[in-house]
Amino acid sequence: MGIITHVVCPARRRNDAGLTLVEVLVALTLLMGLSLTVAAGLLAVQHSAMTSKERSAAANLATREVEVVRNWFHSGDTAPIAVMTAGDTVNGSPLPGQTGPLVVDNVPYTVKRQVAWLVTGTGASACDGGGVVAYPSVSLHVEVTWPNMGAVPPVVSDTVLTPPKNVINATSGYLAVKVTDRDGLPNDDRVITATGPGGTFSDKTGPDGCATFVLTTPGLYTTAVTEASSGFVSFNGATTQSATVATGSLVVRSFTYDQGVLYRATLTPPPGYPLPVTLPAITLGNSGILPAGVASYASVAGGVTTVGPVWPFLSGDSVWAGSCPDSDPAFDTTRPAAIVSSRGSTTSTTAVLQGITVTTTRLGIPVNVPVTATYAGPGTCTLGDSVLNLGTSSGAGLLKSSLPFGAWNLSATMGGVPVTGSIDMTPAGPIAVTLNGTS
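Now for a description of the structure that goes with this document. For every chain, the first residue of the written sequence is number 1, and numbering continues from 1 onward in sequence order. A pLDDT threshold of at least 70 governs which residues receive local features in this predicted model, and a stricter bar of 80 or more applies before side-chain atom pairs are shown or counted, although totals over entire chains, interfaces and linings include all residues. Computation of side-chain values covers all heavy atoms of the structure but excludes hydrogens and water.

### Some details on the pairing of strand S14 (residues 261–268)
Piece 1. Side chains of S14 alternate between two faces, with Val261, Tyr263, Ala265 and Leu267 buried and Leu262, Arg264, Thr266 and Thr268 left unburied.
Piece 2. By the convention used here, strands pair only if DSSP detects at least 2 bridges between them. Counting from the N terminus, the helices are the DSSP runs of H or I reaching at least four residues and the strands are the DSSP runs of E reaching at least two. In this structure, S14 lies alongside strand S17 (residues 304–310), joined through five bridges in antiparallel fashion. Bridge pairing in S17 places Val261 opposite Val310.
Piece 3. Pairing geometry for S14 and strand S19 (residues 346–352), over seven bridges, is parallel. Bridge pairing in S19 links Thr266 to Thr350. For each residue, the accessible area found with a 1.4 Å probe, counting protein chains only, is set against the maximum for its type, and the residue is called buried under 20%, exposed over 50%, and partly exposed in between.

This is the structure we're talking about:
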């Protein structure tokens, strides 16, 4: 009888039995990464195409502005003078049916036009030439900007226009005004006026920092930069200069002019020591301040004073309390670290006072009396803060107050007799003094 053996083989797993959850997640992650990369690339291409389109439109508008001015300039004998009288303009040639910015494909473009006399030859700035006058031409500078430019530079177009010989003759005189900023670079778009026997004329500086006037009436003219109210200041404080303009010659004047900085200075005594009743001045120190390297400003009630706008020195300003010579901390130690501020900014700082405790007695008995501090150091206090009312001592004969650094004489009147004492206020720390009447 035979034996039949059944062999049971294990079932084979099908290769397409399905994907695990991990494999699905990995596939989705790869797909999302690829999609984001493709999307970023498409956006970059789209942005580049949009930027190229906007720059192309801006270039067309710049070319259009140059041609508009060129056609106007050569339209008649009086046209060059009319172009120069119109001066620098923004959106001076609007598109048909529009006002304000020039709108192309829903993008508003700003077209800035600047014109200037070139009286030292083609391509030379009048401000950088000598007194010899060549027949004048006119520089035309056009700059086009638009919103959301980012790092894309403005579109710029420059050309030179030459008027007919009979338009500008040898009876004219020329006045050029150069404006540079804190860094010695040309200061563009500053408003300049020239006032004299021929009237008052206005112009803006161009990219070279120069404004030029052609004056048919010779004589003494006053040139001025006229933006002090908007925070601009002159290095030496002067915003006007005089110039005698003669027929056939060029006179050049220059200003160093920039946006100033403000300091919000708080008079700050040590904790527990009040401010004096009479507040000392605030002083700024920088070797470039004319004429002596310091400038002082009166404090306002409350002891928080806004100073400026003042010249934005690259090295900054030190700030301290008091306008007296040895109120300067450099007499004892060193000045506070200079504050370097950005042009047009406001910086808060402190002007430190030193604390003083005054005990007032008469024949050893406490009395409450007013106490005055009078400056006793070298020189004079430029802002008149040489006499400071420290306040009145209490019934216990005690007064706490504060003073700028330097030598001071304290005085109080007791029984009709002045009582005095000398002190030297230093950064070392608060001091104590007793005023004792002996009669």
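### Side note on a nonpolar patch on the surface
Piece 1. On the surface, Leu21, Leu25, Leu28 and Leu31 cluster together to form a nonpolar patch covering roughly 420 Å² of accessible area.
Piece 2. Tracing the backbone through its elements, the reader meets Leu28 in helix H1 (residues 21–73). To count toward a patch, a residue needs a relative accessible area above 30% and no salt bridge. Like charges then connect within 9 Å, nonpolar side chains (Val, Leu, Ile, Met, Phe, Trp, Tyr) within 5 Å. Using a 1.4 Å probe, accessible areas were evaluated by the Shrake-Rupley method; residue-level cover was limited to the displayed protein chains. Between Lys or Arg on one side and Asp or Glu on the other, a salt bridge is scored when a side-chain nitrogen of the former is within 4 Å of a carboxyl oxygen of the latter.

### Brief notes about the sheet that holds strand S26 (residues 417–425)
Piece 1. Spatial ordering of the open sheet is given by S23-S22-S25-S26, a layout of four strands whose pairing is antiparallel. One side of each edge strand has no neighbouring strand; the edge strands of this open sheet are strand S23 (387–392) and S26. Averaged over all pairs of adjacent strands, the angle between their axes in this sheet comes to 25 degrees, without regard to strand direction.
Piece 2. Two elements, strand S22 (residues 370–375) and S23, share five bridges in a ladder whose sense is antiparallel. From the neighbouring strand, Pro370 faces S23, where its bridge partner is Thr392. Whenever a helix is involved, its axis is fitted only over the stretch in contact; in every case the axis is a line through C-alpha atoms, and angles between N-to-C directions fall within 0 to 180 degrees.

### Some details on the pattern of salt bridges
Piece 1. Applying the stated criterion across every chain yields a total of eleven salt bridges.
Piece 2. With its nearest N and O atoms 3.5 Å apart, the salt bridge here joins Glu67 to Arg70. Placement of the pair is Glu67 and Arg70 together in helix H1, with a separation of three residues, close to one helical turn.
Piece 3. Note on Glu67: relative accessible area 34%, which makes it partly exposed.
Piece 4. Counted as one network, the salt bridges with shared partners bring together Asp181, Arg182, Asp183, Asp258 and Arg343.

### Focus: the packing of aromatic side chains
Piece 1. Geometry of aromatic contacts follows a simple scheme: Phe, Tyr and Trp rings, the Trp one being its six-membered ring, pair when their centres are within 6.5 Å, and the pair is stacked under 30 degrees between planes, edge-to-face over 60, tilted otherwise. Scanning all chains against the criterion turns up five aromatic pairs.
Piece 2. Measuring from ring centre to ring centre gives 5.8 Å for Tyr109 and Trp146, while their planes differ by 50 degrees; the resulting arrangement is tilted. One end of the pair, Tyr109, is in strand S3 (residues 107–118); the other, Trp146, is in the loop between strand S4 (137–145) and strand S5 (155–161), and 37 residues separate them in sequence. Neither residue differs from the other here; Tyr109 and Trp146 are each classed as buried.

### Notes on the state of the cysteines
Piece 1. Here, a disulfide means two cysteine sulfur atoms that sit within 2.5 Å of each other. Summed over all chains, the structure comprises two disulfides.
Piece 2. Disulfide pairing is shown between Cys324 and Cys381; the S-S distance is 1.9 Å. Taking the torsion about the S-S bond as the criterion, the Cys324 to Cys381 disulfide, at about 100 degrees, is right-handed. Taken as a pair, Cys324 in the loop between strand S18 (318–321) and S19 and Cys381 in the loop between S22 and S23 lie far apart in primary sequence, 57 residues in all.

### With respect to helix H2 (residues 79–86)
Piece 1. Among all positions of H2, only Ala79, Pro80, Val83 and Met84 are buried. Burial along H2 is one-sided: seen end-on, the buried residues are contained in an arc of 135 degrees.
Piece 2. Of the residues trailing H2, Gly87 is marked for its positive phi of about 70 degrees. Read the arc as the range of directions from the helix axis to the C-beta atoms.

### Considering the side chain of Ser341
Piece 1. Looking at where Ser341 falls in the secondary structure, it is placed in the loop between S18 and S19.
Piece 2. For Ser341, a relative accessible area of 8% gives the class buried.
Piece 3. A polar contact is formed between the side chain of Ser341 and the side chain of Thr347, at a distance of 2.9 Å.
Piece 4. Throughout, a contact is declared for two residues whenever any of their heavy atoms are within 4.5 Å. Sequence-distant contacts of Ser341, that is, excluding residues within four places in its chain, are made with Arg182, Val261, Tyr263 and Thr347. Residues adjacent in sequence count toward polar contacts only when both atoms are side-chain atoms; beyond that, a polar contact is any pair of N or O atoms within 3.5 Å, and within protein one must be able to donate a hydrogen and the other to accept it.

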